Amino acid sequence: MVLELHVWGPGFSLPSIDPQCLATIAYFSLLVPRDSWTLVASSDPTISPTQELPALKNGSTWVSRFRNIVDYLRQYSNGAWDLDRDLSALEKADNVAFSSFVESRAQALIDLSLYVTSQNYYSATSPAYGAILQWPNQWILPPQLHSAAKSRTESLGLSSLDLEAVREQQKRDHSADIAAGRIPQNLIRRPRETVSSLLGKTSQQHQFRLEALTGELFEPLEELLGDKTHMLLAKAPSSLDCLAIGYLSLALVPELPHTWLRDLMLRKAPRLSQYIERMRRELYGIVSVSDAFTNDGQSSLPWQAPGRARLATIGSTLLNTLADSTPILKDIRVNNRLRETAESADSGLSETEGQALSAYTKLQGKDTLISIATVVGGFAALVGYMVHIGIFSAPEEEAEEEENEFAIPESVDAGDFLGSLKAQS
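Residues numbered from 1 in each chain as written. Predicted model: local features only at pLDDT ≥ 70, side-chain atom pairs only at ≥ 80, totals over all residues. Heavy atoms only, no water.

1. Some details on helix α8 (residues 239-252)
To keep things clear, this is the line we draw: Under the scheme used here, helices are H or I runs from DSSP no shorter than 4 residues and strands are E runs no shorter than 2 residues, and both carry numbers assigned from the N terminus. Multiply 1.5 Å by the residue count of a helix minus one, and that product is the helix's expected span. Burial classes follow relative accessibility: with a 1.4 Å probe on protein chains only, a residue under 20% of its type's maximum area counts as buried, one over 50% as exposed, and anything between as partly exposed.
In this model, α8 (14 residues) spans 20 Å end to end at C-alpha, consistent with the 20 Å of a helix rising 1.5 Å per residue. For α8, the tally of buried residues reaches 14 of 14 residues, placing the bulk of the element in the interior.

Shown next, in the form of structure tokens:
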């Protein structure tokens, strides 16, 4: 049976816009025979039961995430498709340690470069997603990925790479100064900041921070590579090489308005840069978006054109987006996803961590239900009180009151009535 590898589609002359997908494609290209697998640029996480890409499909079996797919291939092939089979015990330990190191450190830098740096996101990253996504995902997924990247990197203190955040903060500071009376409003003519000036300030303010973050990633990998042809072994690549190629290709290859990450990589790790460029050309070639959808057999990768989105899938996407935009429903859905992750066998959490996270999500679920019940009860009490004091009344009663107000009493004589009108005039 032919294995199907579903990934985020091509971007920046690479076969995928996602580092985990690129690492998985590299692993397959190095090890799995071409006629044993197909590459599908589905670019839709909902096709996988775990809602993640990359996802490997083998019949009715789905496996997601790079490390889980590597383990599955080893078991599926009885050890034949295992890049790490020749590693010693010490090398296997280094492989695990450096793999975790690359995934955590490189992901943050890619987030900063492709998503948080505003000009890069709006000029390159967002259009790249638009070229591979079907409607309505092309309008829904990029903003979600953008927000997720900003959240992941918020603790790094480099939010000023996001020009929108800089401008919003400047507006808040400007309004605060006026409100505090520090600057007379009629004397203020705020100069219009340009993109270049904002980025110039960002570069000056955060150059040391970016230097430190990139040095923490590139310098250890440069030292590990040394004069070898691969990261751990001189004779053959390992799964660490695949991860390094996947993540660092997105640091080195994309043509962006602001190439600060590529420039720092070339300066701090020249041998590593040459290695990544050589390996990505050998494994991926130069990929265009059309390669993933035309299936003309000219590419070095076994592309299979993805199917068109079904009406039911489109409807489900729209409903899920609406639910994720509704405050209470959003909290419930996030809590359910956390619980599913905690109870999943391939979550990567220890038994103690899984139990702790599961208990936490259950408590959060109870708190959410209590909040909902409190809001509903309060609203019902308010409506009941308003009815009790007469704010709400039936339309028939209001009409009857108006009719009685202008009605002529039956016991009043006509002469008396005319006399009263004359007296009032």
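2. Comments concerning the nonpolar core
What counts, and what does not: As used in this record, nonpolar core signifies buried Ala, Val, Leu, Ile, Met, Phe, Trp, Tyr and Cys residues forming a set joined through side-chain atoms within 4.5 Å. Here a residue-residue contact requires only that any non-hydrogen atoms of the pair lie within 4.5 Å.
Phe28, Leu73, Leu272 and Ile276 are the most contacted members of the largest nonpolar core, which has 87 residues in total. Per-element accounting of this core gives the leading share, ten residues, to α8. Among residues more than four places away in sequence, those in contact with Leu272 are Phe218, Leu221, Glu222, Leu225, Met231, Leu248 and Met265.

3. Quick word on the confidence of the model for the chain
Defined as follows: One confidence number per residue, pLDDT, is output by the predictor and ranges from 0 to 100.
Within the chain, residue pLDDT values average 79, and 69% of them lie at 70 or more. The lowest-confidence element of the chain is helix α6 (residues 163-179), averaging 50 in pLDDT; the highest-confidence one is α8, averaging 96. Considering only residues more than four positions removed or in separate chains, one finds that residues 185-199, a stretch of pLDDT under 50, has 20 contacts.

4. As for the pattern of salt bridges
Two side chains of opposite charge can pair, provided their charged atoms sit close to one another. Condition: Each reported salt bridge corresponds to a side-chain nitrogen of Lys or Arg within 4 Å of a carboxyl oxygen of Asp or Glu.
Counted under the stated rule, the structure contains eleven salt bridges. Residue Arg280 is joined to Glu277 by a salt bridge in which the shortest nitrogen-to-oxygen separation is 3.2 Å. Taken together, the residues Arg280 and Glu277, both in helix α10 (residues 270-283) and three residues apart, mark about one turn of the helix. Assessed through its relative accessible area of 5%, Arg280 is described here as buried. Overlapping salt bridges, with partners in common, bring together Glu211, Glu219, Arg267 and Lys268 in one network.

5. Considerations on the environment of Leu53
With respect to the element layout, Leu53 can be found in the loop between β2 (37-40) and β3 (55-58). Distance in space between the C-alpha atoms of Leu53 and Leu5 is 9.1 Å, their sequence separation being 48 residues. Among residues more than four places away in sequence, those in contact with Leu53 are His6, Val7, Trp8, Asp18, Cys21, Ser42, Ser43, Asp44, Pro45 and Ile47.

6. Describing the packing of helix α1 (residues 19-31) against α8
Spelled out, the test is: For helices, the axis comes from a line fit to the C-alpha atoms of the stretch in contact; other axes are also lines fit to C-alpha atoms, and the angle between any two N-to-C directions lies between 0 and 180 degrees. Angle categories: roughly parallel below 35 degrees, roughly antiparallel above 145, roughly perpendicular from 65 to 115, and oblique for all the rest. The hand of a helix crossing depends on one turn: near helix anticlockwise from the far one by less than a right angle means left-handed, and clockwise means right-handed. Nonpolar residues are Ala, Val, Leu, Ile, Met, Phe, Trp, Tyr, Cys and Pro. Charged residues are Asp, Glu, Lys and Arg, and all others, Gly as well, are polar.
Remark: α1 packs on α8, axes separated minimally by 8 Å, with the N-to-C direction vectors making an angle of 135 degrees. Looking at the two axes, α1 sits oblique to α8. Read as a crossing pair, α1 and α8 show a hand that is right-handed. Packed against α1, whose contacting residues are Pro19, Gln20, Leu22, Ala23, Ala26, Tyr27 and Leu30, the element α8 presents Ser239, Cys242, Leu243, Gly246, Tyr247 and Leu250 at the interface. Along the lines of polarity and charge, the residues of the contact of α1 with α8 split into ten nonpolar, three polar and no charged.

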